Amino acid sequence: MARHLKPLVQRWSSRVFSVELDGAPLYFGIREKLRGATVLPAVFSRLQKEDRCYSLLVCSRDRIRGDRFHWELRDKLLKDLPPGSDVATMSSFLPDEKGSLVKGYFFKSRAENSPLIEGILSDLEHTDPVLVCSYSQSEDGQQWTQSLWSHAEKKQMKFYVVPSEAPKHHPSALNMINSDVFYSLDEACDVLKKCGDIIPETQSVLRMLPSRVDARRKPDFPVIVIEGLDATGKTTLTESLRDTLGATLLRSPPQCLSTWRAHFDREPPMIRRAFYAVGNYITAEQICQESAKSPVIVDRFWHSTAAYAIATAVTGPVSNLPHDGSEVYCWPSDLLQPSLVVLLTLDPEERTRRLRNRGLMKTDEEQELDHNKLFRDRVEEAYRRIIGPLCITVDASPSADLVLQQVLLLIRAKCHL
């Protein structure tokens, strides 16, 4: 067993395991000894007697390469495993302990496919930073055991699977700072710099970096950011505000990054989020330059980057989000703060109708917003919880002119224009 894995394995029986099924986490724990009868954890209660289960957890010392390997591993499993394996996202963590989260996958298969599957997993254990576990049930189907593989020691550590309560904090909530959401230019740049040998495009992005002074300088004229989900009317409103106020209109991510945007959208979450974080700082420099001459309207900024990242990292209902007032909602100290942030909201059915009328292809996030109400609720609530500055919510269901007039009243009251 690799040296860096030994501290993790030493506390193995203290860890909680989470499997994402139907958009929400299901938890279970393990014990070295079983005391009395236990109920089956929900993950295992829906399985058939002939099913076997497996899990892989990615435990790389290099978080960049580990994140990329984890991202690519799903495609490999879907390609190599037998049909019906039902690959699900999985994680393991020590409750309420920052930095303890490791991510991987959980899947099932029929017993007759075990030789094929265990051959695939054995190859992965030999060559990659993964911990492999297999799960088997007792003859009466009332108890499952977990076997932690250790090729180097030529043995398997066995544990009893037991129920576990949901933790106080969703496991991702303690591990998202400067991983899912970035709070300084230095942290985002550090991720991109470490990707240079595997993603050559990062060098071009880094050359676009702004000066540190401009990225946080107080603007001379007001800066108004318009936020909201797709099809809530942001484009119509921002263009109307530009014309009405004689303002400059900017968008985030900035146009100068459009060449590389499609590439980074295919990268793992950490790398993708770092790219968009850098985009906010480039936009901030543009804001500083333009706000010396006129008011500035910005179509999306840090709120969108953070809200989508938080809502993606934390699954399940809104109650799983980091608590209101958590540090994850705090504005980066080195990033320019706008004068006003307006969040456009819209009834889901009306938003879907507008998307359909636009006749445009949907992005992965748009599709997720459409069919996953929990995700949509998390995004909108994360928007509302961001502090410094807060979002002021405006109902975007009236006519475009009425929405414009309402926002102009806010601007005149808050920005004295």
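Bear in mind the structure is a predicted one, so any value in this text is a computation, not a measurement.

Student: In this structure, what is going on with the packing of helix α11 (residues 302–313) against helix α14 (residues 373–385)? I would like to understand it.
Tutor: Helix-helix packing is characterised by the crossing angle of the two axes and by the distance between the axes. The geometry of α11 relative to α14 is characterised by a closest axis approach of 8 Å and an angle of 135 degrees between their N-to-C directions. If you check the angle between α11 and α14, you find them oblique. Like other packed secondary-structure pairs, α11 and α14 cross with a definite hand, here right-handed. Facing H303, S304, A307, Y308, I310, A311 and T312 of α11, the residues of α14 in contact are F375, R378, V379, A382 and Y383. Residue composition of the contact of α11 with α14, grouped by class: eight nonpolar, three polar and one charged.

Student: What is the right way to look at the sheet that holds strand β13 (residues 391–395) in this model?
Tutor: In a beta sheet, neighbouring strands are held together by backbone hydrogen bonds and run either parallel or antiparallel to one another. Sheet architecture is open: five strands sit in the order β10-β11-β9-β12-β13, paired in parallel fashion. The sheet is open, and its two edges are formed by β10 (248–251) and β13, each paired on a single side. Shown here is a sheet whose adjacent strand axes are inclined to one another by a mean of 25 degrees, direction ignored. Both strand β12 (residues 340–345) and β13 contribute to a ladder of five bridges, which runs parallel.

Student: Just to check I follow, could you spell out the environment of F93 for this structure?
Tutor: Here F93 shows up in strand β4 (residues 88–93). The class for F93 is buried, based on a relative accessible area of 3%. Each C-alpha atom of the pair F93 and E72 lies 22 Å from the other, and the pair is 21 residues apart in sequence. Sequence-distant contacts of F93, that is, excluding residues within four places in its chain, are made with R15, V16, S18, Y27, S100, L101, P167 and P171.

Student: Got a minute to help me understand unusual backbone geometry in this structure?
Tutor: Leave glycine aside and you will find that most residues have negative phi; peptide bonds, for their part, are mostly trans. For the bond running from S252 to P253, omega is 5 degrees, close enough to zero to count as cis. Along the chain, the position of P253 falls in the loop between β10 and α9 (258–265). Here D96, not a glycine, exhibits a phi torsion of approximately 60 degrees, which is positive. Note on placement: D96 falls in the loop between β4 and β5 (102–110). Under the relative-accessibility criterion, D96 is labelled partly exposed at 46%. For N178, which is not glycine, the phi dihedral falls at a positive 55 degrees. As for its placement among the helices and strands, N178 is situated in the loop between β8 (155–163) and α5 (185–194).

Basis of the calculations
Residues numbered from 1 in each chain as written. Predicted model: local features only at pLDDT ≥ 70, side-chain atom pairs only at ≥ 80, totals over all residues. Heavy atoms only, no water. Axes fitted to C-alpha atoms, helices over the stretch in contact; angles between N-to-C directions. Helix = DSSP H or I, 4+ residues; strand = E, 2+ residues; numbered from the N terminus. Parallel < 35°, antiparallel > 145°, perpendicular 65-115°, else oblique. Left-handed = near helix turned anticlockwise from the far one by under 90°. Contact = heavy atoms within 4.5 Å. Nonpolar A, V, L, I, M, F, W, Y, C, P; charged D, E, K, R; others polar. Pairing = 2+ DSSP bridges. Buried < 20%, exposed > 50% of the residue type's maximum accessible area, 1.4 Å probe, protein only.

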